[in-house]
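What follows is the residue order along each chain.
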Amino acid sequence: MGELGRTLHAWRDRVTPVEAGLPKGDRRRAPGLRREELAQLAGLSVDYVIRLEQGRSSAPSVQVLTALARALRLNDAERNHLFVLAGQVEPAPGRISAYIPPGVQRLVDQLEGAPLSVCDAAWTMISWNPLWAALIGDPSELRGRHRNIIWRHFSAASQDGAVGGFGRVVQTPEQAEHFMEAMVTDLRAAAARYPKDPDLRALIDELRAGSELFARLWEEPVIAFHGSERKTVNHPELGAITLDCDVLTVPGSDLRIVVYTAAPGSDAAEKLRLLSVVGLQSMR
């Protein structure tokens, strides 16, 4: 086991399942996370985690290291040390980060009764809870641009005027227009804040080339901001669920937390409770 493997093992041992938002489960020989639990939290295979800890894998990518840092609740200094041990360049200032600080992760964990997702400054999905996947659709198989909410929305809108994003969310024409304007405003702000981020520039170039609507909005002096909205989700088994949707911004990191909530005692609240029990399983 090399230094990277020993360090990963030590960090895994210090994180309890409860801290990671997992059930405590049965008796354990050690209080920390098991390898399969770390793999689940980071979206990796158990075999890959074993190979990393045993020093039998090639240099992990930036995406893998970011996922591990998030799952292990590393602070900034520890995350940078992880990158150094793996032979990767430390996250550079001036570029969009997919890192979720431990305090923000704890906040997200406390909201387990509400469907939520976390996006970076360019609206690429970083994380989501099981209730989000059950309500909106599981994004775990999506890769690259397909995890970017803005790219999904404008790509779909370019095809026969369809509403973009995830197909279960229903927007009125007015909501869709405001949503697009707010997203373009966000992307302009991100471009000003992270002018040296090559992936952000590539995303903007792709959107301008692939969507006439985005290109027009990008050139216009349109400014819009996210506010609380009522949105309807057409769930394939529970039918229409109307919820309040709020976008929370984390100062300093530009993370966006999208949260759906329902009024206590409402029909929507009961449907969310049922979804929290059955998850992604079929109800039939």
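Note that the coordinates shown come from a computational prediction; the quantities given were computed from them, not determined experimentally.

K.L.:
Describe in detail unusual backbone geometry, supporting the description with residues and values.
P.N.:
Positioned with a positive phi, arginine 73 is a non-glycine residue whose angle comes to about 60°. Mapped onto the fold, arginine 73 is located in the loop between helix 4 (62–71) and helix 5 (76–85). Of note, the phi angle at tryptophan 123 is positive, near 70°, even though the residue is not glycine.

K.L.:
So what's going on with the pairing of strand 5 (residues 239–250)? Which residues, and what values?
P.N.:
Sheet topology note: the strand 4 (residues 229–235)/strand 5 ladder contains 7 bridges and is antiparallel. Residue pairing in the sheet places threonine 232 in a bridge with threonine 242 of strand 5. Counted along the chain from strand 4 to the antiparallel partner strand 5, the turn is 3 residues long. Across 7 bridges, the pairing between strand 5 and strand 6 (residues 255–261) is antiparallel. Note on strand 6: the bridge partner recorded for leucine 248 is isoleucine 257. Joining the antiparallel neighbours strand 5 and strand 6 is a turn of 4 residues, in which glycine 252 adopts a positive phi near 90°.

K.L.:
Tell me about the environment of isoleucine 100, residues and numbers included.
P.N.:
Along the chain, isoleucine 100 turns up in the loop between helix 5 and helix 6 (102–110). Relative accessible area serves as the criterion here: at 2%, isoleucine 100 is assigned to the buried category. When the C-alpha positions of isoleucine 100 and alanine 71 are compared, they lie 9.2 Å apart, and in sequence the two are 29 residues distant.

K.L.:
Could you give an account of the pattern of salt bridges, with specific residues and numbers?
P.N.:
Tallied over the entire structure, the rule returns 16 salt bridges. Arginine 193 is paired through a salt bridge with aspartate 254; the nearest N and O atoms lie 2.5 Å apart. Taken together, the positions of arginine 193 in helix 9 (residues 173–193) and aspartate 254 in the loop between strand 5 and strand 6 put the pair 61 residues apart, joining distant regions of the chain. Residue arginine 193 is classed as partly exposed on the basis of its relative accessible area, which comes to 46%. The shortest N-O distance in the salt bridge between glutamate 220 and arginine 216 comes to 3.2 Å.

K.L.:
If you had to explain the sheet that holds strand 4 to someone new, which residues and values would you point to?
P.N.:
Spatial strand order, 2-1-6-5-4-3: 6 strands in an open sheet with antiparallel pairing. In the strand order of this sheet, the two ends are held by strand 2 (125–128) and strand 3 (169–170), each with one partner. Running at roughly 10° to strand 6, helix 6 makes contact with strand 1 (116–119), strand 5 and strand 6 of the sheet.

K.L.:
Give a detailed account of the packing of helix 10 (residues 198–210) against helix 11 (residues 212–219), specifying residues and quantitative values.
P.N.:
Packing of helix 10 against helix 11 leaves a shortest axis separation of 5 Å and a crossing angle of 115°. In terms of axis orientation, helix 10 runs roughly perpendicular to helix 11. Taken together, the residues of helix 11 that come into contact with helix 10 (itself represented by Ile204, Leu207, Arg208 and Gly210) are Glu212, Phe214, Ala215, Trp218 and Glu219. When the residues that make up the contact of helix 10 with helix 11 are grouped by side-chain class, the tally is 5 nonpolar, 1 polar and 3 charged.

K.L.:
Please set out the confidence of the model for the protein residue by residue, giving values where relevant.
P.N.:
Summarising the model, the protein shows a mean pLDDT of 86, and 92% of its residues fall at 70 or more. A low-confidence stretch, residues 160–164 (pLDDT under 50), is modelled with 8 contacts involving residues beyond four sequence positions or located in other chains.

K.L.:
Before we move on, can you summarise the nonpolar core with the specific residues and values?
P.N.:
Leu135, Leu187, Leu200, Phe214 and Tyr260 are the most contacted members of the largest nonpolar core, which totals 41 residues. Mapped by element, the contributors of at least two residues to this core are helix 7 (130–136), helix 8 (149–157), helix 9, helix 10, helix 11, strand 5, strand 6 and helix 12 (267–278). Among the elements that make up this core, the one with the highest residue count is helix 9 (7 residues). Here leucine 135 is in contact with Pro115, Arg168, Val233, His235, Ile241, Leu243, Tyr260, Leu272 and Leu275, once residues within four sequence places are set aside. Core analysis: the second largest hydrophobic core is formed by 22 residues, Leu8, Leu44, Leu74 and Ala86 among them.

K.L.:
Can you tell me about the packing of aromatic side chains, naming the residues and giving the values?
P.N.:
Inspection of the entire model under this criterion finds 3 aromatic pairs. Seen in terms of ring centroids, tryptophan 132 and tyrosine 260 are 5.8 Å apart; in terms of plane orientation they differ by 45°. Their pairing is tilted. Placement of tryptophan 132 in helix 7 and of tyrosine 260 in strand 6 is noted, with a sequence separation of 128 residues between them. Both residues of the pair, tryptophan 132 and tyrosine 260, count as buried. Between phenylalanine 154 and phenylalanine 214, the ring centres sit 5.2 Å apart and the planes meet at 85°, which makes this aromatic pair edge-to-face. With phenylalanine 154 in helix 8 and phenylalanine 214 in helix 11, the pair connects residues that are 60 residues apart, well separated along the chain. Pair check on accessibility: phenylalanine 154 and phenylalanine 214 agree, each one buried.

Criteria and cut-off values
Residues numbered from 1 in each chain as written. Predicted model: local features only at pLDDT ≥ 70, side-chain atom pairs only at ≥ 80, totals over all residues. Heavy atoms only, no water. Helix = DSSP H or I, 4+ residues; strand = E, 2+ residues; numbered from the N terminus. Pairing = 2+ DSSP bridges. Buried < 20%, exposed > 50% of the residue type's maximum accessible area, 1.4 Å probe, protein only. Salt bridge = Lys/Arg side-chain N within 4 Å of Asp/Glu carboxyl O. Contact = heavy atoms within 4.5 Å. Axes fitted to C-alpha atoms, helices over the stretch in contact; angles between N-to-C directions. Parallel < 35°, antiparallel > 145°, perpendicular 65-115°, else oblique. Nonpolar A, V, L, I, M, F, W, Y, C, P; charged D, E, K, R; others polar. pLDDT = per-residue confidence, 0-100. Core = buried A, V, L, I, M, F, W, Y, C linked by side-chain atoms within 4.5 Å. Phe/Tyr/Trp six-rings, centres within 6.5 Å; stacked < 30°, edge-to-face > 60°.

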